[in-house]
There are 4 protein chains.
Amino acid sequence: MTDAPASSAPTEWVLTVSCPDGPGIVAAVTGTLAARGDNITESQQFGDPASGLFFLRLQVVSSATRDELVTALTPAFESFGMTWQLDAVGRRVRTLLLVSKAAHCLVDLLYRERSQGMPIDVVGVVGNHPDLQDIAAFYGKPFHHIPVTADTKADAEDRLRALVEELDVELVVLARYMQILSDALCRDLAGQVINIHHSFLPSFKGARPYVQAHDRGVKLIGATSHYVTGDLDEGPIIEQDVERVDHSRTPADLVAIGEDVERRTLARAVRWHAEHRVLLDGHRTVVFR
Amino acid sequence: MTDAPASSAPTEWVLTVSCPDGPGIVAAVTGTLAARGDNITESQQFGDPASGLFFLRLQVVSSATRDELVTALTPAFESFGMTWQLDAVGRRVRTLLLVSKAAHCLVDLLYRERSQGMPIDVVGVVGNHPDLQDIAAFYGKPFHHIPVTADTKADAEDRLRALVEELDVELVVLARYMQILSDALCRDLAGQVINIHHSFLPSFKGARPYVQAHDRGVKLIGATSHYVTGDLDEGPIIEQDVERVDHSRTPADLVAIGEDVERRTLARAVRWHAEHRVLLDGHRTVVFR
Amino acid sequence: MTDAPASSAPTEWVLTVSCPDGPGIVAAVTGTLAARGDNITESQQFGDPASGLFFLRLQVVSSATRDELVTALTPAFESFGMTWQLDAVGRRVRTLLLVSKAAHCLVDLLYRERSQGMPIDVVGVVGNHPDLQDIAAFYGKPFHHIPVTADTKADAEDRLRALVEELDVELVVLARYMQILSDALCRDLAGQVINIHHSFLPSFKGARPYVQAHDRGVKLIGATSHYVTGDLDEGPIIEQDVERVDHSRTPADLVAIGEDVERRTLARAVRWHAEHRVLLDGHRTVVFR
Amino acid sequence: MTDAPASSAPTEWVLTVSCPDGPGIVAAVTGTLAARGDNITESQQFGDPASGLFFLRLQVVSSATRDELVTALTPAFESFGMTWQLDAVGRRVRTLLLVSKAAHCLVDLLYRERSQGMPIDVVGVVGNHPDLQDIAAFYGKPFHHIPVTADTKADAEDRLRALVEELDVELVVLARYMQILSDALCRDLAGQVINIHHSFLPSFKGARPYVQAHDRGVKLIGATSHYVTGDLDEGPIIEQDVERVDHSRTPADLVAIGEDVERRTLARAVRWHAEHRVLLDGHRTVVFR
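Residues numbered from 1 in each chain as written. Chains lettered and ligands numbered in written order. Predicted model: local features only at pLDDT ≥ 70, side-chain atom pairs only at ≥ 80, totals over all residues. Heavy atoms only, no water.

Draft legend 1. Here's a closer look at the overall build of chain A. Each helix and strand counted, chain A has eight helices and 13 strands in total. In terms of C-alpha radius of gyration, chain A reaches 20 Å, essentially the compact-globule figure of 19 Å for 289 residues. Principal-axis analysis of the C-alpha atoms gives chain A an extent of 60 × 40 × 35 Å. Among the 289 residues that make up chain A, the fraction classed as buried is 59%. Long-range pairs, those at least 24 residues apart, make up 68% of the contacts in chain A with a sequence separation of at least 6. Split by element, the accessible area of chain A, about 10,800 Å² in all, is 52% carbon and sulfur. The positive charge centre, built from 28 side chains, and the negative charge centre, built from 39, are 6 Å apart in chain A. (Helix = DSSP H or I, 4+ residues; strand = E, 2+ residues; numbered from the N terminus. Rg over C-alpha atoms; globule rule 2.2 N^0.38 Å. Buried < 20%, exposed > 50% of the residue type's maximum accessible area, 1.4 Å probe, protein only. Contact = heavy atoms within 4.5 Å. Areas by Shrake-Rupley, 256 points an atom, 1.4 Å probe, with all protein chains shown as cover. Lys, Arg positive; Asp, Glu negative; His and termini not counted. Charge placed at Lys NZ, Arg CZ, Asp CG, Glu CD.)

Draft legend 2. Region of the structure containing helix α3 (residues 104–115) of chain B. Residue and element names in this part refer to chain B. Between its first and last C-alpha atoms α3 spans 16 Å; for twelve residues at 1.5 Å apiece the expected length is 16 Å, and the two agree. Counted residue by residue, α3 has ten buried out of twelve residues, so it is predominantly covered. Taken together, the buried positions of α3 are H104, C105, L106, V107, D108, L109, L110, Y111, R112 and E113. Two residues or fewer after α3 comes G117, characterised by a positive phi angle close to 70°. (Expected span 1.5 Å × (residues − 1).)

Draft legend 3. Fine view of the packing of aromatic side chains. One pass over the structure, following the stated rule, counts twelve aromatic pairs over all chains. When the ring of B:F77 is compared with that of B:W84, the centres are 4.5 Å apart and the planes differ by 15°; the resulting orientation is stacked. You can call B:F77 buried: its relative accessible area is 5%. With a centroid separation of 5.1 Å and 90° between ring planes, the pair formed by C:F138 and C:Y139 is classed as edge-to-face. Among the aromatic residues, ring-to-ring pairing joins A:F138, A:Y139, D:F138 and D:Y139 into one connected group. (Phe/Tyr/Trp six-rings, centres within 6.5 Å; stacked < 30°, edge-to-face > 60°.)

Draft legend 4. The UniProt feature "domain: ACT" (unreviewed entry) in chain A, seen in detail. When the UniProt feature table is mapped onto this chain numbering, "domain: ACT" (unreviewed entry) sits at residues 14–91 of chain A. Segment residues 14–91 of chain A splits into 33% helix and 42% strand. End C-alpha atoms: 10 Å apart. (UniProt positions renumbered as here; feature names shortened; annotations may be inferred.)

Draft legend 5. Spatial organisation of the sheet that holds strand β6 (residues 120–127) of chain D. Residue and element names in this part refer to chain D. The seven strands are arranged β7-β6-β5-β8-β9-β10-β11 in an open sheet whose pairing can be described as mixed. Of all strands in the sheet, those bounded by a partner on one side alone are β7 (143–145) and β11 (237–244). Strand-to-strand twist in this sheet, taken as the mean axis angle between neighbours without regard to direction, amounts to 20°. Across seven bridges, the pairing between strand β10 (residues 220–227) and β11 is antiparallel. Note that in β11 the partner of I221 across the bridge is E243. Here helix α8 (residues 251–274) sits on the sheet in contact with β5 (93–99), β6, β8 (171–174), β9 (193–197), β10 and β11, set at roughly 150° to β11. (Pairing = 2+ DSSP bridges. Axes fitted to C-alpha atoms, helices over the stretch in contact; angles between N-to-C directions.)

Draft legend 6. Seen up close, the UniProt feature "active site" (unreviewed entry) in chain A. Mapped onto this numbering, the UniProt entry annotates "active site" (unreviewed entry) at A:D233. Looking at where A:D233 falls in the secondary structure, it is placed in the loop between β10 (220–227) and β11 (237–244).

Draft legend 7. Up close: the pattern of salt bridges. Scanning the entire structure with this criterion turns up 99 salt bridges over all chains. Residue A:E239 is joined to C:R244 by a salt bridge in which the shortest nitrogen-to-oxygen separation is 2.9 Å. Placement of A:E239 in strand β11 and of C:R244 in strand β11 (residues 237–244) is noted, with the two residues assigned to different chains. For A:E239, a relative accessible area of 2% corresponds to the buried category. Residue C:R244 is classed as partly exposed on the basis of its relative accessible area of 32%. For D:R268, the salt bridge is made with D:E239, and the minimal N-O distance between the two is 2.7 Å. Separated by 29 residues along the polypeptide, D:R268 in helix α8 and D:E239 in strand β11 bring together distant segments of the chain. Among the charged side chains, a salt-bridge network with shared partners connects A:E239, A:D241, A:E243, A:R264, A:R268, B:R244, C:R244, D:E239, D:D241, D:E243, D:R264 and D:R268. (Salt bridge = Lys/Arg side-chain N within 4 Å of Asp/Glu carboxyl O.)

Draft legend 8. Structural context of the relation of the copies chain C and chain A. Structural alignment of chain C on chain A gives an RMSD of 0.0 Å, achieved by rotating through 180° and translating 0.0 Å along the axis. Such a combination of rotation and displacement between the chain copies is what one expects of a two-fold axis. Of every C-alpha in chain C, the one belonging to C:S203 sits nearest the axis of rotation, 2.4 Å from it. Both copies present the same face, since 100% of the interface residues in chain C are matched by interface residues at the equivalent positions in chain A. (Least-squares fit on C-alpha atoms with pLDDT ≥ 70 in both.)

Draft legend 9. Structural view of the relation of the copies chain B and chain C. Each copy of the sequence occupies a distinct position, and chain B is placed on chain C by a rotation of 180° and an axial shift of 0.0 Å, giving an RMSD of 0.0 Å. Interface residue correspondence from chain B to chain C reaches 100%, placing this contact among same-surface, isologous pairings.

Draft legend 10. Seen up close, the interface of chain B and chain C. Counting residues at the interface gives 18 residues for chain B, matched by 18 residues for chain C. Summed over both sides, the interface between chain B and chain C buries roughly 1,600 Å², with carbon and sulfur atoms accounting for 42% of that surface. Looking at the side of chain B facing chain C, the largest losses of area belong to B:Y111, B:F138 and B:R263, adding up to 33% of the total buried there. In this structure, B:R112 and C:D260 form a salt bridge, with 2.8 Å as the shortest nitrogen-oxygen distance. For the pair chain B and chain C, the interface holds 14 residue pairs in polar contact (both at pLDDT 80 or more). Those elements that provide at least two residues to the side of chain B that touches chain C are α3, α4 (133–138) and α8 (251–274) of chain B. (Buried area = accessible area lost by both parts, 1.4 Å probe. Polar contact = N/O pair within 3.5 Å; in protein donor to acceptor, adjacent residues only side chain to side chain.)

Draft legend 11. Seen up close, the domain arrangement of chain A. All names here are of chain A. Domains assigned within chain A are domain 1 (11–88) and domain 2 (93–287). Between domain 1 and domain 2, the C-alpha centre-to-centre distance is 31 Å. Both sides of the domain 1 and domain 2 interface together cover about 860 Å² of buried area, and 51% of this is carbon and sulfur. Area buried by domain 1 at its contact with domain 2 is led by F55, R57 and D87, which between them contribute 45% of it. Linking domain 1 with domain 2 are two salt bridges. (Domains from an automatic or database assignment.)

Written as structure tokens, this is what we have:
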């Protein structure tokens with residue numbers, strides 16, 4: 001968490017909470033805020049009978065500083081064993097984009113940052129190939145060429161980790177990055193790495209999904225945006241979408257059509273994450289849209 | 001409101017509230033419930049900057065009777081000038097279906113009542129033609145044939161009013177009922193009559209929308225479900241959906257394709273209304289899905 | 001093929017053809033028809049580079065009898081090694097519906113036959129449970145209760161075969177029939193049996209797909225209509241569709257939402273088959289919509 | 001028409017034809033090609049009962065030059081009074097993009113030209129504001145700043161016409177160009193100018209459609225791509241699409257969501273036009289996808 005406003009002018013805050021379900025959770029949080037005279041402007045909640053967990057997302061306008069709010073809420077946080085996040089609404093999340101050669105997701109995210117108010121601050125672009133350097137440059141983003149080969153994989157990942165630390169990165173987006181992160185890195189960045197997979201998971205896991213899709217003769221092709229875990233293509237799904245195709249489409253057509261689905265699916269996932277709308281519920285997600 | 005459980009065994013209640021926006025609304029309601037030890041299981045809210053109104057929908061598990069809950073909440077209701085509804089979750093709303101000759105919406109709603117747990121209790125079917133009597137009979141529903149001509153329109157509407165009263169009807173659904181209700185009836189049943197219009201409003205208002213759509217060469221056709229007001233085709237929209245078509249479709253094709261869009265659009269609107277998810281915000285709706 | 005008009009009044013015919021790709025196919029067929037003075041009213045074609053096969057679907061208005069057309073076209077059929085079908089446009093395909101307890105697909109298909117002009121003639125309904133007898137009766141369809149147990153499976157299938165033969169059945173639709181046909185029956189009825197699978201294949205093959213879908217946390221659920229082959233859930237896909245869901249949906253919700261997707265996906269597949277729009281291309285389909 | 005291959009190596013050609021409907025049209029064209037030994041690889045046709053017109057689109061592989069093909073086909077063209085176009089498949093259509101300040105459609109089209117094989121050759125970008133000059137420069141496109149005021153409108157249009165002529169422009173795309181072309185220019189470029197309108201026409205014609213959509217409380221917002229005629233917002237529709245929204249969206253949200261719908265709707269229309277898939281049928285279009 002960085003850059004939170006410290007002034008006492010009214011700020012809109014977003015609070016997300018998860019904890020074991022039970023009575024009194026909402027009242028404990030909203031009662032605390034009401035006692036302070038703060039005004040709740042958005043509220044969503046979900047109790048998952050399967051996991052026994054409860055999830056809450058609030059937006060609240062308050063003249064308190066972040067520290068004052070945390071202090072006020074700490075009794076509730078502690079008595080219910082809450083996992084929580086508190087951030088200023090609209091604060092831009094420091095984001096690192098990882099790419100290879102395909103430009104569509106990169107162009108789309110940079111465009112949305114600049115022109116659509118997506119609350120991310122892209123602090124750098126990493127490519128294992130140099131191809132997309134000019135696009136990064138056009139948007140004024142530092143480009144880091146970190147080639148990856150079997151021999152250099154460990155070194156490359158060290159450079160990546162160093163970059164994440166040095167740039168104070170909060171979110172890593174694999175924007176069609178054709179490399180697999182190590183288990184260790186996945187663990188260390190759990191819940192902070194979003195991938196776009198070019199199929200409607202769990203169909204067509206693994207390589208060349210459009211060729212598989214063409215071969216199976218499916219009538220819709222899809223894309224899946226998910227958090228990255230060590231378990232490849234099995235991370236918690238954030239968003240999925242599909243597009244209709246027919247028999248006349250070649251595998252190359254499916255790739256082109258798929259690009260549109262991929263970029264919009266990834267963009268939604270990144271936006272919802274950056275707006276603190278996505279909460280982890282085991283290997284599933286709760287998305288408060 | 002009828003049939004609300006009176007026992008003190010824990011019941012899940014749904015409370016909807018609207019009032020002028022301002023601080024403290026959520027806290028007043030949830031604080032009251034928390035003080036009673038009741039458990040909020042669902043919560044959605046929306047403040048509309050355009051109308052200045054605030055909307056809240058809660059589900060709460062409580063061992064209180066309905067009267068006890070109302071008593072407890074009355075101070076909040078009064079101090080904020082709230083319009084409110086309180087109902088048991090899942091209670092089936094007493095519904096009257098009005099039809100003409102087209103069967104698709106009727107069949108669909110009766111099927112969903114019987115097999116999909118849609119929380120409506122269809123207490124009768126009214127047809128201005130007798131054609132759909134057998135479908136009503138198959139589902140065990142009383143069918144009332146009330147013909148409408150220019151001469152008998154006032155009489156017919158009187159019979160309709162009498163039926164609404166006698167059957168304790170809470171919701172009237174115009175399931176492709178090809179008659180226009182009088183202004184007076186619209187006013188008296190405001191917010192209790194749902195219509196399905198066979199176009200994507202505000203396109204193609206008025207008669208024969210599929211012919212208009214064909215003539216204009218649109219590439220998607222749609223349907224709109226809305227509350228009925230005296231202002232024809234201008235009532236608050238609850239739900240809309242579309243289907244893709246192409247140049248090769250005749251007006252007759254558009255009608256057939258449109259039937260699918262109509263029945264699912266209407267079914268969603270009726271379900272959301274019956275689950276108290278739709279709140280009126282002037283000539284717009286808030287739909288807490 | 002039954003009931004083809006024998007008169008010499010102009011009839012609209014639908015001709016489908018598949019054969020190894022190569023030059024001159026279209027010209028051979030259309031040249032023959034042009035030489036007769038027949039008027040081609042619809043034409044679609046597709047050459048599949050993957051399989052090397054060519055597919056053609058024509059509608060043609062002709063005053064010829066079916067026999068005269070076949071005689072005229074036989075040289076083309078033979079010189080290109082064509083597989084072909086010739087039928088009168090709009091002739092209703094004799095169809096047998098197989099069901100278990102779930103009514104939604106049965107109700108939908110019977111409604112579409114009666115009211116939407118779907119060109120099928122449902123000559124009977126077979127249930128391995130008696131539950132849906134009343135719906136069949138309502139639509140005036142003979143209902144055959146053929147229970148299936150481990151012990152009686154062979155007998156039951158014999159009765160099914162006998163029915164198919166006796167009723168001159170051209171198409172068997174598994175409208176949520178919860179039994180697996182034997183390999184032998186699948187082979188004998190190849191290309192004549194359509195199933196609806198309640199998932200977006202190839203995801204979630206096998207039993208209880210909605211539970212699997214819920215557990216995986218997918219954001220869209222789907223249905224797949226396909227020809228039945230001995231290879232369970234792997235037959236050629238005719239149509240697929242999806243519906244958006246979110247974290248708050250229980251497995252029971254997914255089932256209810258899924259019913260809508262299933263019935264419309266199956267209805268499209270059955271209609272396209274009955275209109276001779278679906279051609280087999282190995283384990284894929286060509287669908288000329 | 002420019003740059004058509006002149007060699008006699010086999011080329012794939014696309015032929016589009018429209019004429020009054022009647023027997024023998026397909027046979028006349030395909031018979032001519034068959035007699036030459038040319039191979040038809042794609043074929044679509046449509047007879048519109050409303051307009052009485054017939055439409056045909058063929059792709060054919062031939063070793064003929066364009067002139068030889070035209071000569072061969074001229075008897076058919078003449079005897080049926082055909083309007084026709086003949087082009088090499090994949091030839092890039094010389095395209096001029098007109099923009100104001102909004103970048104999303106410009107970025108999208110330039111990306112698709114460069115990376116997705118959209119068969120357009122963007123020969124220049126015209127802006128009535130200079131804002132998007134850098135994007136044009138990034139993609140290596142000449143940018144022409146042609147300001148438009150009430151006083152300079154006639155001059156500006158003269159410069160536009162000069163540019164169209166000088167650059168041999170075949171297609172003008174109004175990629176969120178916030179100016180209205182004069183009737184005279186619309187007439188002169190009839191069927192060669194594509195606009196993207198930010199509403200689901202015919203809803204919300206005119207200015208500020210997202211404000212209108214918000215005010216009416218619609219549940220889907222859409223975009224319409226159409227040919228430009230003097231009759232504002234009434235030109236033949238090529239493609240439409242929609243996106244779901246709910247009550248919580250502000251007009252600003254609708255604008256951002258709308259951008260995605262606009263760019264993909266426009267991109268499809270431009271691609272289909274450039275692939276000669278769009279034929280004019282009075283004030284409607286036939287789109288052979």
